[in-house]
Amino acid sequence: AVSANLLHVHVASVVRHTAWVPRPYVLHLHGTDIRTHQYQDEHSALIRRSVERAAAVLYSTPDLAEHVRWRPDAALLPVPIDVAALPAWRPDPQPTVVFASRWEAVKGLGVQVAVADSLQRDAPDVRLLGVDWGSGAAEARAHGVELVPRLRHEQFLGLLATAHVVIGQPTGMLAASELEALGIGAPVVAPLEPRWYLPDSVAVPPVLGGLTVGHAHHLPPQDSDHAGSPTPAAGDMEALAEALAHEVITALADPPAISSRLDGPAWLVREHGTARAVDQLLELYARLR
């Protein structure tokens, strides 16, 4: 029989299925659990109890810090990416822009389709690609984005590798898809929310737009279910979309040069490599034994 003296549980709601195991646990928060469910009446008690009883709490993206401040020892474990397993960057012969995120309001849908409109107007020869995924997929198609069927993970990475430029979710942070695009070497355009990336403990990703665009234009809330999030004005969303589209068109002038300057793969190994994640976890586990 296999025994363990510590559990590592991913997603707070999963604790309802693991609580019967009489072991301390590390709770790993991934997003919706702490950003959305803790504010919903039907989930709040479970989420709060799961966080309170954990021996240690980790969260995967810097935007989640403000949602778990009441657990002051919670720590960021940057999303680990196996850079060596990523495909080589081989842009398609036709200038191609790939939207990395699914088409949902919480992923900045309004800004994404506005970016597509701007690119169709100012760079009509560029192919716009995305995945047929999310409640807003039909809207994206209506705005000129060519959608491919849902893909297995390795196929999705292959799609990212065909892009001259990848557009990340305009929510102020990078999720796994944007990070994988950086690791592949494709230039990534994505705004960053300063309050999540300016602290010394969080490395600023080498993306185009980044803090400048994110700071100059009010980012839409990442999750409308959180009562404290304001609704962005239409003018702010339009200005953000225009700024991001401008970054894309600038990058399309010389993607290899931009890729070389940003050096996303080296940054990803340093900040999100699997070796770093393992070291951080082993140190944590040793403290909890």
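Residues numbered from 1 in each chain as written. Predicted model: local features only at pLDDT ≥ 70, side-chain atom pairs only at ≥ 80, totals over all residues. Heavy atoms only, no water.

Caption draft 1: Representation of the overall build of the chain. Per the secondary structure count, the chain includes 13 helices and ten strands. By the compact-globule yardstick of 19 Å for 289 residues, the chain fits well, its C-alpha radius of gyration being 20 Å. Expressed along its principal axes, the backbone C-alpha trace of the chain runs to roughly 60 × 40 × 35 Å. Buried residues in the chain amount to 51% of all 289 residues. Taking contacts inside the chain between residues at least 6 apart in sequence as the whole, the part at least 24 apart equals 61%. Element-wise, carbon and sulfur atoms account for 54% of the exposed surface of the chain, whose accessible area totals about 13600 Å². Of the side-chain charges in the chain, 22 are positive and 32 negative, and the distance between the mean point of each set is 9 Å. (Helix = DSSP H or I, 4+ residues; strand = E, 2+ residues; numbered from the N terminus. Rg over C-alpha atoms; globule rule 2.2 N^0.38 Å. Buried < 20%, exposed > 50% of the residue type's maximum accessible area, 1.4 Å probe, protein only. Contact = heavy atoms within 4.5 Å. Areas by Shrake-Rupley, 256 points an atom, 1.4 Å probe, with all protein chains shown as cover. Lys, Arg positive; Asp, Glu negative; His and termini not counted. Charge placed at Lys NZ, Arg CZ, Asp CG, Glu CD.)

Caption draft 2: Broad picture of the environment of A253. As for its placement among the helices and strands, A253 is situated in the loop between α10 (234–252) and α11 (255–262). By relative accessible area, which is 69% here, A253 ends up exposed. Placed 91 residues apart in sequence, A253 and T162 show a C-alpha to C-alpha distance of 16 Å.

Caption draft 3: Examining the confidence of the model for the chain more closely. Mean pLDDT over the chain works out to 90, with 91% of the residues at or above the 70 mark. Counting interchain partners and residues more than four positions distant, the pLDDT-below-50 stretch residues 227–231 has three contacts. (pLDDT = per-residue confidence, 0-100.)

Caption draft 4: Fine view of the sheet that holds strand β8 (residues 165–167). The six strands are arranged β7-β6-β5-β8-β9-β10 in an open sheet whose pairing can be described as parallel. Pairing within the sheet leaves two strands with one partner each, and these edge strands are β7 (146–148) and β10 (208–209). Sheet topology note: the strand β9 (residues 188–191)/β10 ladder contains two bridges and is parallel. What sits directly across from A190, in β10, is G209. Contacts from helix α4 (residues 109–122) reach β5 (96–99), β6 (127–131) and β8, with the element oriented near 170 degrees to β5. (Pairing = 2+ DSSP bridges. Axes fitted to C-alpha atoms, helices over the stretch in contact; angles between N-to-C directions.)

Caption draft 5: How the structure looks around the packing of aromatic side chains. Throughout the structure, instances matching the rule amount to one aromatic pair. Aromatic pair F99 and W103: ring centres 5.2 Å apart, planes at 45 degrees, arrangement tilted. When the ring centre of W70 is taken as reference, the NZ or CZ atom of R48 above it lies at 3.7 Å. It is R102 that lies over the ring of W133; its NZ or CZ is 5.7 Å from the centre. (Phe/Tyr/Trp six-rings, centres within 6.5 Å; stacked < 30°, edge-to-face > 60°. Lys NZ or Arg CZ within 6 Å of the ring centre and 35° of its normal.)

Caption draft 6: Summary view of unusual backbone geometry. At V11, a position not held by glycine, the phi torsion is positive, near 80 degrees. By the secondary structure assignment, V11 is in the loop between β1 (7–10) and α1 (15–18). On the basis of relative accessible area, V11 is assigned to the partly exposed category, the value being 27%. Phi angles above zero are rare outside glycine, and D263 is one such case at about 50 degrees.

Caption draft 7: Structural context of the sheet that holds β1. Taken together, the four strands give an open sheet; going across it, the order is β1-β2-β3-β4, and neighbouring strands pair in parallel fashion. Sheet topology places β1 and β4 (75–76) at the edges, where each strand pairs with a single neighbour. Note: strand β2 (residues 25–29) against strand β3 (residues 56–59), four bridges, orientation parallel. Considered in β3, the bridge of H28 is made with L58.

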